[in-house]
Amino acid sequence: MFSLIFLISSSVSQNPILPKAAILQATKDLSTLQYVAKVSIGQNLDPVNLVIDLNGPFVWFDCGKSISPFSSHKTIKSFSLECSMAKSITTTTTTGYNSKTCTLQAENTITRMSTFGELSEDKVALNFWDGKDSDLSGNIDQFLFSCAPNLLLKGLAFGAKGMLGLGDSRISLPSQISNTFEFFQRKFSLCLSSSKGAILIGGSPPESEISSSMMYTPLIFKKNEGYHLSVNSIKISGKKLSFHEKGILGTKISTIVPYTTMESKIYRTFVEAYVKASNSMNLTLVPPVAPFEVCFSSKGVEKKRVGPNVPIVDLTLQSDMVKWRIYGRNSMVFVSDEVMCLGFLDGGLSTKDSIVIGGHQLEDYYLEINLGNSMFGFSSSLLLGQKKCSDFDLSREL
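Residues numbered from 1 in each chain as written. Predicted model: local features only at pLDDT ≥ 70, side-chain atom pairs only at ≥ 80, totals over all residues. Heavy atoms only, no water.

For the chain, an unreviewed UniProt entry supplies the name Peptidase A1 domain-containing protein and the organism Penstemon smallii. Quoted verbatim from the Subcellular location (unreviewed entry) field of UniProt, the annotation for the chain is "Secreted, Extracellular space". According to the UniProt record, the Sequence similarities (unreviewed entry) comment for the chain reads "Belongs to the peptidase A1 family." (UniProt positions renumbered as here; feature names shortened; annotations may be inferred.)

Okay, structure coming up:
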């Protein structure tokens, strides 16, 4: 159901060059703290800005506003192979021959509003990275997505016309790309920043330096609930926190939540331990600034390569050897020149997940989700190697 045409620069030899990954630029919208990618779609390859949803099952957007009225997109019929692959929820009747069309329940995961949209297909243009540059480009001629009504756009970043789903479904962006290009592995990577970053689909880390720092832990898949990890413990400045509830902390990874949230009891224990550790480092508490509950004066705080010198947070995964280390750059949020706040929030008592790791804590790490072997990979903070995800240039290596 897919076809591909490579447009290769004249400087490339006649020998075929297989790209290592499809690549999209990811830009942070500072007013909403959402991450946005631009996708070219339709016969005229009109650019469409989409909010990145790591756990979204598919791509959806407002077809009426996003692409030209002469777009080549067509709706998919019920009982078709494509509809079966998308696991359509229901059908809706339209006029014309064989009038039942395949519909999907599209959700704006920011506002939690959802409605039905028609499953459609059209041409999508992609850039590819060959390990040196991104001069390779190509099209998927029958890319599946949902045409959703305009009312779903409320709450999205200015100019965004829908959401880019990277979840574990057969019609998410990574799945459709890996199904199209058999030489790609079933995996994708994120490298987000406070300005621009990138999504790489099908490829490996761009540098051996990054590869050597990667750690891996099993992914946990919960149906229709996104990517999860098992966090065995939390440490602050090397000291393990003690929770009343024993066992693994179910942890979700999200690009929609701007800051990491914790279930209330976990959060209270976390905050008490963090403030205690900060006292030992002579940090000065100041009045909180919403939405944060714990803030410090940044005056006189040593600034290191990985951010302000504050207590280090470790999320220990399947063993003490596998831990996600969070430095000041990702634990603190500067709300002014003189005040920095702890970028972790109280998620409430009734939460599906004990912890949701938000966008701020994901930035300047190279993150890999491998759907082939169900593993999650993460690098050390790129700042340790004097790199940043904002250094990512589509025309060269990181």
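Novice: In this structure, what is going on with the sheet that holds strand β20 (residues 260–263)? I would like to understand it.
Specialist: The strands making up a sheet are joined through hydrogen bonds of the backbone, oriented either antiparallel or parallel. Spatial ordering of the open sheet is given by β15-β16-β19-β30-β20-β29, a layout of 6 strands whose pairing is mixed. One side of each edge strand has no neighbouring strand; the edge strands of this open sheet are β15 (220–222) and β29 (344–348). For this sheet, the mean inter-axis angle between neighbouring strands, taken without regard to orientation, is 30°. Those strands touched by helix α5 (residues 264–280) are β19 (249–253), β20 and β29, and its axis lies near 110° from that of β20. (Pairing = 2+ DSSP bridges. Helix = DSSP H or I, 4+ residues; strand = E, 2+ residues; numbered from the N terminus. Axes fitted to C-alpha atoms, helices over the stretch in contact; angles between N-to-C directions. Contact = heavy atoms within 4.5 Å.)

Novice: Just to check I follow, could you spell out the confidence of the model for the chain for this structure?
Specialist: One rule of thumb: low pLDDT means the predicted coordinates there are not for detailed reading. Of all residues in the chain, 85% attain a pLDDT of 70 or more, and the chain-wide mean is 85. Segment residues 1–14 is flagged for pLDDT under 50; beyond a separation of four residues in sequence, or across chains, it makes 28 contacts in the model. This stretch, residues 88–98, has a pLDDT under 50; its non-local contacts, to residues over four places away or in other chains, come to 24 contacts. (pLDDT = per-residue confidence, 0-100.)

Novice: In this structure, what is going on with the nonpolar core? I would like to understand it.
Specialist: Side chains of nonpolar character tend, in soluble globular proteins, to be buried together. Among the nonpolar cores identified, the biggest contains 78 residues, and Leu164, Ile234, Phe270 and Trp324 are the most heavily contacted of them. Those residues within four positions of tryptophan 324 in sequence are excluded, and the remaining contacts are Leu229, Val313, Asp314, Leu315, Ile357, Gln361, Leu362, Tyr365, Leu367, Phe376 and Phe378. If you look at the next biggest cluster of nonpolar residues, it comprises 22 residues, including Trp60, Ala106, Leu144 and Leu153. (Core = buried A, V, L, I, M, F, W, Y, C linked by side-chain atoms within 4.5 Å. Buried < 20%, exposed > 50% of the residue type's maximum accessible area, 1.4 Å probe, protein only.)

Novice: Explain the sheet that holds strand β26 (residues 323–326) here, please?
Specialist: Spatially, the 4 strands line up as an open sheet ordered β18-β17-β25-β26, and their pairing is antiparallel. Bordering the open sheet on either side are β18 (239–240) and β26, each of which pairs with just one other strand. Both strand β17 (residues 233–236) and strand β25 (residues 313–316) contribute to a ladder of 4 bridges, which runs antiparallel. Of the residues in β25, the one forming a bridge with lysine 235 is aspartate 314. Sheet strands in contact with α5 are β17 and β25, and its direction is about 20° off that of β17.

Novice: Hey, could you run me through the pairing of strand β13 (residues 196–201) in this one?
Specialist: In terms of burial, β13 is largely enclosed, as 5 of its 6 residues are buried. Across 6 bridges, the pairing between strand β2 (residues 21–29) and β13 is antiparallel. Across the sheet, the residue bridging to alanine 22 is isoleucine 201, located in β13. Where strand β12 (residues 187–191) and β13 come together, 4 bridges link them in antiparallel fashion. Its bridge partner being in β13, leucine 190 is matched across the sheet by isoleucine 199. Between β12 and the antiparallel strand that follows it, β13, lie 4 residues.

Novice: Would you explain the state of the cysteines in this entry?
Specialist: What we call a disulfide is simply a covalent bond connecting the sulfur atoms of a pair of cysteines. The final tally for this structure, using the stated rule, is 4 disulfides. Two residues share a disulfide in this structure: cysteine 83 and cysteine 102, whose sulfurs sit 2.2 Å from each other. On the S-S bond that ties cysteine 83 to cysteine 102, the torsion sits near 85°, and the link is right-handed. In this pair, cysteine 83 is assigned in helix α2 (residues 81–86) and cysteine 102 in strand β8 (residues 100–108), connecting sequence segments 19 residues apart. Among the residues examined, cysteine 102 registers a relative accessible area of 0% and is labelled buried. Disulfide pairing is shown between cysteine 295 and cysteine 341; the S-S distance is 2.0 Å. Between cysteine 295 and cysteine 341, the S-S torsion sits near 95°, and that sign places the bridge as right-handed. Residue cysteine 295 is found in strand β22 (residues 295–297), and its partner cysteine 341 is found in strand β28 (residues 339–342); the two are separated by 46 residues along the sequence. Taken individually, cysteine 295 and cysteine 341 each receive the classification buried, so the pair is uniform in this respect. Listing the disulfide partners of the chain by sequence rank of the bonded cysteines yields 1-4, 2-3, 5-8, 6-7. (Disulfide = S-S within 2.5 Å.)

Novice: I'm lost on unusual backbone geometry in this one. Help?
Specialist: A negative phi angle characterises most non-glycine residues, just as the trans form characterises most peptide bonds. Here the bond from alanine 290 into proline 291 is cis, since omega is 5°, no more than 30 degrees from zero. As for its position among the elements, proline 291 is in the loop between β21 (285–286) and β22. The backbone of phenylalanine 79 sits at a positive phi, close to 65°, despite the residue not being glycine. Looking at the element boundaries, phenylalanine 79 is found in the loop between β6 (74–75) and α2.

Novice: Is there a simple way to think about α5 in this case?
Specialist: What sets the pattern is the α-helix's 3.6 residues per turn: residues three or four places apart point alike. An ideal rise of 1.5 Å per residue puts 24 Å on 17 residues; α5 measures up with 25 Å between its terminal C-alpha atoms. Buried within α5 we find Ser264, Ile266, Tyr267, Phe270, Val271, Tyr274, Val275, Ala277 and Ser278. The arc that holds every buried residue of α5, seen down its axis, measures 160°, which confines them to one face. In α5, those exposed residues whose orientation departs by more than 90 degrees from the buried face are Glu272, Lys276 and Ser280. (Expected span 1.5 Å × (residues − 1). Arc of directions from axis to C-beta.)

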